[in-house]
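# Understanding the architecture of this molecule
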Amino acid sequence: MQRWRGLEDIPQDWGRSVVTIGSYDGVHRGHQLIIKHAVDRARELGVPAVVVTFDPHPSEVVRPGSHPPLLAPHHRRAELMAELGVDAVLILPFTTEFSKLSPADFVVKVLVDKLHAKAVVEGPNFRFGHKAAGNVEFLAEQGKTYDFEVEVVDLYVTGEAGGGKPFSSTLTRCLVAEGDVEGAREILGRPHRVEGVVVRGAQRGRELGFPTANVETLPHTAIPADGVYAGFLHAQGEVMPAAISVGTNPQFEGTERTVEAYAIDRVGLDLYGLHVAVDFLAYVRGQAKFDSLEALLEQMAADVKRCREIVAAEEE
């Protein structure tokens, strides 16, 4: 799959394509419906499927300081889109200048002049251009002028997550923030993942017999609520069952919020400086401060046992 950053990265000889545009944070099950439809339509027409997305999130430029927590960094979104059959991802730097493009100018500069759209696939509430003035109806009118079809796909999926609300990135962020990683998983179609580089912490886990990878998460990452979780640690191409702790470590008067993953039953791992990923399968318990170190160690052993059971059931 090709990855382009900015319109200038698109090959000059790029031909017709099927395009879908959106932030697509998380590439959740609703997003997957739209992207799969775009890929299927591209195959029917014999042209590539292209996803257009933005960096940073448009809200950060339009309303500075309002950047939402991200469910997936751009490289992860690209991986997920490639799995769906997307041929190219175009990341458009979302600047103040770009935000002022009128819907008509956006259509010409992006869809017509650069991507030579043959079809554009969107959800019913898609908005674009300056002050989000463009919608799918306007896009369809432009398609008549510039020879591209517009297909609207209902992206609304519902389930138990969020009490039956339509699946969305916003709902997923709320569930993650509440620690409901099972609900988030239902929406995403896979466990919520947090990524970053392993850095040196206080090394108390090692002293207590549970050495953890202290993950310095990427900016704006959606991090689950404080507590203990069962999940997986991905490092150097290996997937390891893990007990994950999120929080400030109140037992030792900590103040900095961290994500730490203990690779269950693994000895001698050295992950410092490596980029790793942590998948959250299930919430085990909330953050707590114990009366003694012995009580903490007893609870940590129980947590690891519970996490081992959850992961084993997952792998069956």
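Refer to the structure presented above.
Attention here is on the structure that accompanies the text. Since we're looking at a predicted model, the values are computed, not measured.

Bringing the sheet that holds strand E2 (residues 17-21) into the picture now. Sheet strands line up and pair through hydrogen bonds in the backbone, either parallel or antiparallel. The sheet built from six strands is open, its strands ordered E1-E4-E3-E2-E5-E6 with parallel pairing. A single partner strand is all that each edge strand has here, and the edge strands are strand E1 (2-5) and strand E6 (149-152). Between one strand axis and the next, the sheet turns through 25° on average, direction left out of account. Inspection of the sheet shows E2 paired to strand E5 (residues 117-122) by three bridges, in the parallel sense. Paired with Ser17 across the two strands is Ala117, which belongs to E5. Packing of helix H6 (residues 136-146) onto the sheet brings it into contact with E5 and E6, and relative to E6 it is tilted by some 155°.

In the segment running from Asp55 into Pro56, the intervening peptide bond is cis, with an omega of 0°. Position of Pro56 relative to the elements: it lies in the loop between strand E3 (49-55) and helix H2 (58-62). Within the chain, Val27 stands out as a residue other than glycine whose phi angle is a positive 45°. Here Val27 lies in the loop between E2 and helix H1 (29-45). For Gln236, which is not a glycine, the phi torsion comes out positive at approximately 50°.

Another aspect to go through is the side chain of His74. Structurally, the position occupied by His74 is in helix H3 (residues 74-83). If we skip the residues at most four places from it in the chain, His74 touches Thr53, Phe54, Asp55 and Ile91.

Reading around the circumference, E7-E8-E11-E10-E9-E12 is the order of the six strands in this closed barrel, with antiparallel pairing throughout. Taking the axes of each pair of neighbouring strands and ignoring which way they run, one obtains an average angle of 45° across the sheet. Sheet analysis places strand E9 (residues 227-235) next to strand E12 (residues 275-285), joined by seven bridges and oriented antiparallel. Among the inter-strand pairings, Ala230 is bridged to a residue of E12, identified as Ala282. Lying on the sheet, helix H10 (residues 293-315) is in contact with E9, strand E10 (238-247), strand E11 (258-263) and E12; it crosses E12 at an angle near 105°.

This part takes up the environment of Phe128. Tracing the sequence through the fold places Phe128 in the loop between E5 and H6. In this structure the C-alpha to C-alpha distance between Phe128 and Asp9, which are 119 residues apart in sequence, comes to 22 Å.

Analysis parameters
Residues numbered from 1 in each chain as written. Predicted model: local features only at pLDDT ≥ 70, side-chain atom pairs only at ≥ 80, totals over all residues. Heavy atoms only, no water. Pairing = 2+ DSSP bridges. Helix = DSSP H or I, 4+ residues; strand = E, 2+ residues; numbered from the N terminus. Axes fitted to C-alpha atoms, helices over the stretch in contact; angles between N-to-C directions. Contact = heavy atoms within 4.5 Å.

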